[in-house]
Amino acid sequence: MIKEIMVKSVLNKHKKRDNWFLDDYSINPYSGCSFNCIYCYTRGSKYGENMGNVLSVKINAEEVLDKQLKIRRNKGEYGFIALATSTEPYQSIEKKLKLTRKLLEIILKYRFPVHILTKSTLVLRDLDILKEIDEKGIIPDDLKDKLERGVIINFSISTLDDKMAKILEPGAPAPYERLKTMQKCKSAGFLTGVSYIPVLPYISDLDNELDNMVKTARQYGADFVFIGSLTLFGNRLSDCKTLYYRFLKKHYPNLVPKYKKLYRIFPQPSKEYRKKLEEKTTKLCEKYGIRKGILT
Ligand code: SF4
C-alpha cells in the first residue's frame, strides 16, 4: 500500500557527526521500503514498522527541504547529508516519482555534500546531478583537508550469495548488480565503496567469506569498505528479530542456539564479536590494499 504524507521536517540534524559515514544530516524521502530486507534494522526499532505493508511518500519533501537547507546554508552549517538512512532512496517507486532526484536538485542549489547509501542500480540515473554536487558541494571546514569530494556513493551488501540475497533482500537488485553499478560510478569518477552491513554471524562473517567480500570489493573498484554486524530488534511478528529467527529456523536450524548465545540481551552481538570483526576487517583491508572507511 502506498500512502502520501505531509511532513513538517525532512532534514534531520544529528547531535554528532557519524564517525563511519561522516554525515551531519540525513534525509529519508520515503518511510518504509519495498526492498523488504528481513534484517532491516528499522523493523522493530524506533525508525519504522510494518515496512512490508506500507510505503509512505513525503509529498511535500521538496518544499520543506528547500526551507530547511536555506536556513542551514545562511548559518554556514554545511555538512554531509546521508541519503538515506532508514529507507532506500532508489527503490522501485522512485523511478516514477523522481522524489530523490528532486531533493538532490535542492541539495545542489544550496551546495551541500551528500553521501548516497543504496542497494539499487537506479542511482545511475542521477549521476549527472551527483557530478555537479561532487564538484560544487561545500565540505565542512574540519573535513576540508581530508576530503575534497562533495559526493560519496556507498553500496550496501550483506552477502555475495545470490540465492541467499534473494531470501534476505527479496526486492533488491542482486549483489553483483550492485557491484557492477558501483564499478560504473567509479568509472564515472566518483568516490565509492561497499558497506558490508550487516554481515550475518556464522553465515557471511566466516573468514573465507569476508576475505572474498573484501577482495571482490577491490576488484570492482571500491575505494573503501565497511564491515558491520547485524542488529536484531523487536519481538512482534513484523520485527526483524522475529523474521530473522524464522529465516534461521528454516534454512539454518543448527545456528539458532549459537545466535541465542550471541544475542543474549542486547540487539547487537557481544562486544568480543564486534571487536574480532573489526580486527578481521583491518587485516583484510591491509591485505587487499583498500581503505577501511572513507578517510583511513
Ligand atoms: S534496502 Fe535498506 S531500508 Fe530498504 S529494507 Fe533493505 S535495509 Fe531496509
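This section reports on the structure supplied with the text. (Residues numbered from 1 in each chain as written. Predicted model: local features only at pLDDT ≥ 70, side-chain atom pairs only at ≥ 80, totals over all residues. Heavy atoms only, no water.)

### Remarks on the layout of surface pockets
Picture a little ball the size of a water molecule; that probe, rolled over the atoms, points out where space is still empty. Going by this rule: A cavity here means a set of points on a 1 Å grid, drawn over the protein atoms and nothing else, where a 1.4 Å probe fits but cannot get out; a pocket is an open set with protein on both sides within 12 Å along at least five of seven lines, and a residue lines either one if it has an atom within 4 Å of a point. Grid points are joined across faces, edges and corners, and a volume is the space filled by probe spheres set on the points. To qualify as a helix, a DSSP run of H or I must reach at least 4 residues; to qualify as a strand, a run of E must reach at least 2; elements of each kind are numbered from the N terminus. For this classification, the nonpolar set comprises Ala, Val, Leu, Ile, Met, Phe, Trp, Tyr, Cys and Pro, the charged set comprises Asp, Glu, Lys and Arg, and every other residue, Gly included, is treated as polar.
In this model, the largest pocket occupies a volume close to 1500 Å³. Lining the largest pocket are 44 residues, and of these Phe21, Tyr41, Thr85, Ile197 and Thr231 lie nearest its centre. For the lining of the largest pocket, the elements supplying multiple residues, two or more each, are strand E3 (23-27), strand E7 (114-118), strand E9 (191-199), strand E10 (224-229) and helix H10 (271-288). Per element, the largest residue contribution to the lining of the largest pocket is four residues, and it comes from H10. Across the lining of the largest pocket, the residue classes break down as 19 nonpolar, 16 polar and nine charged.

### As for the site of the ligand
For the record, the criterion: Consider each residue's heavy atoms; a residue with any of them within 4 Å of a molecule or strand counts as near. Pocket occupancy is defined atom-wise: a molecule lies in a cavity or pocket when more than half of its atoms are within 2 Å of its grid points.
Around the ligand sit nine residues, and of these Cys33, Cys37, Cys40, Thr87 and Lys119 come closest. Assessed atom by atom at 2 Å from the grid points, the ligand resides in the largest pocket. Split by residue class, the shell around the ligand holds five nonpolar, two polar and two charged.

### Examining the pairing of strand E5 (residues 55-58)
Residues in a regular strand point their side chains to alternate faces of the sheet. Going by this rule: Each residue's exposure class comes from its accessible area (1.4 Å probe, protein chains only) as a fraction of the maximum for that residue type: buried when under 20%, exposed when over 50%, partly exposed otherwise. Between any two strands, at least two bridges found by DSSP are needed for them to pair.
Of the two faces of E5, the one lined by Leu55 and Val57 and the one lined by Ser56 and Lys58 are each fully buried. Across four bridges, the pairing between strand E1 (residues 2-5) and E5 is parallel. Pairing of Lys3 across the sheet is with Ser56, part of E5.

### A look at the packing of helix H7 (residues 207-219) against H10
To keep things clear, this is the line we draw: Note on method: axes are straight lines fitted to C-alpha atoms, helices fitted across the in-contact stretch only, with angles between N-to-C directions ranging 0 to 180 degrees. Here roughly perpendicular refers to angles of 65 to 115 degrees, roughly parallel to angles under 35, roughly antiparallel to angles over 145, and oblique to all remaining angles. Crossing chirality is assigned from the near helix's rotation relative to the far helix, an anticlockwise turn below a right angle marking it left-handed and a clockwise turn marking it right-handed. Contact definition: two residues touch when any of their heavy atoms are within 4.5 Å.
Where H7 meets H10, the axes come as close as 10 Å, and the angle between the chain directions of the two elements is 45 degrees. By the angle between their axes, H7 is oblique relative to H10. Considering how the two elements wind past one another, H7 and H10 form a crossing that is right-handed. When H7 is examined against H10, the residues Asp207, Leu210, Asp211, Val214, Lys215 and Arg218 are found in contact with a partner set consisting of Leu277, Lys280, Leu284, Cys285, Lys287 and Tyr288. Looking at the contact of H7 with H10 residue by residue, the class counts come to six nonpolar, no polar and six charged.

### Examining the sheet that holds E1
Judged by pairing direction, the sheet is mixed, and its three strands sit side by side in the order E1-E5-E4 without closing on themselves. Here the strands that pair on one side only, and so sit at the sheet edges, are E1 and strand E4 (30-31). Two elements, E4 and E5, share two bridges in a ladder whose sense is antiparallel. Looking at E5, one finds that Tyr30 is bridged to Val57.

### Describing the packing of helix H3 (residues 99-109) against helix H4 (residues 127-136)
When two helices pack together, their arrangement is given by the angle between the helix axes and the distance between those axes. One way to put it is that H3 packs onto H4 with a least axis distance of 10 Å and a crossing angle of 25 degrees. Comparing their axes, H4 and H3 come out roughly parallel. You can see that H3 and H4 cross each other, and the crossing is left-handed. Where H3 abuts H4, its residues Arg101, Leu104, Glu105, Ile107 and Leu108 lie against Asp128, Ile129, Leu130, Glu132, Ile133 and Lys136. Residue composition of the contact of H3 with H4, grouped by class: six nonpolar, no polar and five charged.

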